[in-house]
Amino acid sequence: MAIIDGVPGLEVQILVDGEPLIEYDDEDEPGVHDGSGRKTISKFVEARSGAEFVIKCSFDAVNPYKTNDLQIAVYIDGKYMDDRVLYARQIQAPYISRLSGHRYRTGSQFFQRKFSFSELSIVENHNQKPTDDLVLKLKQTGLISVRICRIVVEGERVHGFQEKSLDSVGEISEKALKGRALSHAVSLKPKQSIEKVLLLKVQHIDSEHKPLLAYDFKYLSEERLRGLCIIPRSASPVPLEDRDVSTLSMEELRELARRQQEKIATQHIKTEIKRERADDDGVEIGEIRPVKRRIMEAIDLTDD
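Rules of the game
Residues numbered from 1 in each chain as written. Predicted model: local features only at pLDDT ≥ 70, side-chain atom pairs only at ≥ 80, totals over all residues. Heavy atoms only, no water. Helix = DSSP H or I, 4+ residues; strand = E, 2+ residues; numbered from the N terminus. Buried < 20%, exposed > 50% of the residue type's maximum accessible area, 1.4 Å probe, protein only. Contact = heavy atoms within 4.5 Å. Areas by Shrake-Rupley, 256 points an atom, 1.4 Å probe, with all protein chains shown as cover. Core = buried A, V, L, I, M, F, W, Y, C linked by side-chain atoms within 4.5 Å. Phe/Tyr/Trp six-rings, centres within 6.5 Å; stacked < 30°, edge-to-face > 60°. Lys NZ or Arg CZ within 6 Å of the ring centre and 35° of its normal. Salt bridge = Lys/Arg side-chain N within 4 Å of Asp/Glu carboxyl O. pLDDT = per-residue confidence, 0-100. Pairing = 2+ DSSP bridges. Lys, Arg positive; Asp, Glu negative; His and termini not counted. Polar contact = N/O pair within 3.5 Å; in protein donor to acceptor, adjacent residues only side chain to side chain.

J.: Outline the overall build of the protein, supporting the account with residue identities and numerical values.
T.: When you go through the protein residue by residue, the secondary structure sums to four helices and 18 strands. When the 304 residues of the protein are sorted by exposure, 36% land in the buried category. Of the contacts made within the protein by residues no fewer than 6 positions apart, 77% connect residues no fewer than 24 positions apart. Entry remark: accessible area of the protein is about 20,100 Å², with carbon and sulfur atoms responsible for 49%.

Below you can see the structure in the form of structure tokens.
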């Protein structure tokens, strides 16, 4: 879970299938606390092709921002996609907010397109020179940014809430990446109807471009994460035979029993082979051949 030092009671996570993704420290950007009070944190997470994800923001009762209304804004690959407005009264007690997709309105109907990871099509050779737009888009790709600002809610609004898109970059060359370790982008699933969303007009205390808190998640495939040594190399696993039986799962116990049965069967076969070879020699296994001792008789060669 991403927790900013000095900001207790507030954490942000990326969930896939209801479980939080493992987070790895970003050594290049461990966190920023500048003079304006702005705080940021950056983590790496693993992107799995086709997996839908949810952004979970958890507020504990001890969070230090209970006196202000807050806006949670989500930017994906450099583009604003959705937000949530939380009234100060909502976060006096533990509160959880989830953002699972881009919501928008068409006429009087509201829709949502869920977030998912999609693998980039990267080729080694590509004769076409990358455009400036592609270079800029790739520069922003690979980042989920959650920005939290203090706001003042001024009332409801009527206009806005248009549909946005995350355009596919198509086939790209290694040259266009300019050395950046990218593997995935975020795409939007087909639209689904949702209930009406209350639209609010807000006044920002913190700028959207300079939020009070920023939680950045850089997403890459497991292969890319290992290539960058972000995921540490796993130590060689301890053989099941050498582990304490009480620590084994049911599946591991079944596997251990299977190995032992296999070992016993192999030993039995070897014993049978040895017995057959011994029978061919006319000697049974376990038979002890008597040792013949030669008795040397002393002969006296002297005359009486």
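That was the structure; now back to the text.
J.: How would you explain the nonpolar core if you had to name every residue and give the values?
T.: Phe53, Ile55 and Tyr215 are the most contacted members of the largest nonpolar core, which has 46 residues in total. Contacts of Ile55, omitting those with residues within four sequence positions, involve Val12, Gln13, Ile14, Val74, Ser97, Arg98, Leu99, Ile144 and Val146. Leu220, Leu225, Ile230 and Ile231 belong to the second largest nonpolar core, which has six residues in total.

J.: Please provide a residue-by-residue account of the packing of aromatic side chains, values included.
T.: Using the criterion set out here, one finds six aromatic pairs in the structure. Between the aromatic rings of Phe53 and Phe115, the centroid separation amounts to 5.4 Å while the plane-to-plane angle is 20 degrees, which identifies the pairing as stacked. Of the two residues, Phe53 is situated in the loop between β5 (39-46) and β6 (54-59) and Phe115 in strand β11 (residues 109-119); the sequence distance between them amounts to 62 residues. The burial state of Phe53 is the same as that of Phe115; both residues are buried. One aromatic cluster is present, built from ring pairs that chain together Phe53, Phe115, Phe117 and Tyr219. Between the NZ or CZ atom of Arg89 and the centre of the ring of Tyr87, over which it lies, the distance is 4.4 Å.

J.: Would you mind going over the pattern of salt bridges in detail, with residue names and values included?
T.: The final tally for this structure, using the stated rule, is 10 salt bridges. Close ionic contact of Asp82 with Arg84 constitutes a salt bridge, the shortest N to O distance being 3.5 Å. Assessed through its relative accessible area of 2%, Asp82 is described here as buried. Classification of Arg84 as buried rests on a relative accessible area of 16%. Beyond isolated ion pairs, a larger network of salt bridges with shared partners links Glu241, Glu255, Arg258 and Arg259.

J.: Residue-level account of the confidence of the model for the protein, with values.
T.: Averaged over the protein, the pLDDT score is 82; the fraction of residues at 70 or greater is 82%. Across residues 283-304, confidence stays below pLDDT 50; counting only partners more than four residues off in sequence or on other chains, it has nine contacts.

J.: Account for unusual backbone geometry, with residues named and values stated.
T.: Notably, Asp77 is not glycine yet its phi reads approximately 50 degrees, a positive angle. Considering the arrangement of structural elements, one finds Asp77 in the loop between β7 (69-76) and β8 (79-86). In this model, Cys229 sits at a positive phi of 60 degrees, which is unusual for a non-glycine residue. Relative to the elements of secondary structure, Cys229 occurs in the loop between α3 (222-227) and α4 (250-280).

J.: Residues and numbers for the sheet that holds strand β1 (residues 10-16), please.
T.: Ordered by their spatial adjacency, four strands build an open sheet running β2-β1-β6-β9, and the pairing between neighbours is antiparallel. Two strands bound the open sheet, and with one partner strand each, they are β2 (19-20) and β9 (95-99). As defined by bridge partners, β1 adjoins β6 across six bridges and the pair is classed as antiparallel. Bridge pairing in β6 places Val12 opposite Cys57.

J.: How would you explain the side chain of Asp77 if you had to name every residue and give the values?
T.: Buried within the structure, Asp77 lacks any salt-bridge partner; Lys137 is the closest side chain of opposite charge, at an N-O distance of 5.7 Å. Of note is the side chain of Asp77, whose polar atom sits 3.4 Å from the backbone nitrogen of Val186. If we skip the residues at most four places from it in the chain, Asp77 touches Gln140, Thr141, Gly142, Leu143, Ala185, Val186 and Tyr219.

J.: Account for the pairing of β1, with residues named and values stated.
T.: Within β1, six of the seven residues are buried, leaving the element largely enclosed by the surrounding structure. Hairpin remark: β1 followed by β2, antiparallel, with two residues in the connecting loop; positive phi at Asp17, about 55 degrees.

J.: Hey, could you go over the side chain of Ser116 for me, with residue numbers and the actual values?
T.: With respect to the helices, strands and loops of the structure, Ser116 is situated in strand β11. Using a relative accessible area of 2% as the deciding quantity, one classes Ser116 as buried. In contact with Ser116, other than residues within four places in its own chain, are Gly50, Ala51, Glu52, Phe53, Ala185, Val186, Ser187 and Lys189.

J.: Now, about the environment of Leu136: what can you tell me, with residues and values included?
T.: With respect to the secondary-structure elements, Leu136 resides in helix α1 (residues 132-140). The sequence separation of Leu136 and Gly78 amounts to 58 residues, and the corresponding C-alpha distance is 9.7 Å.

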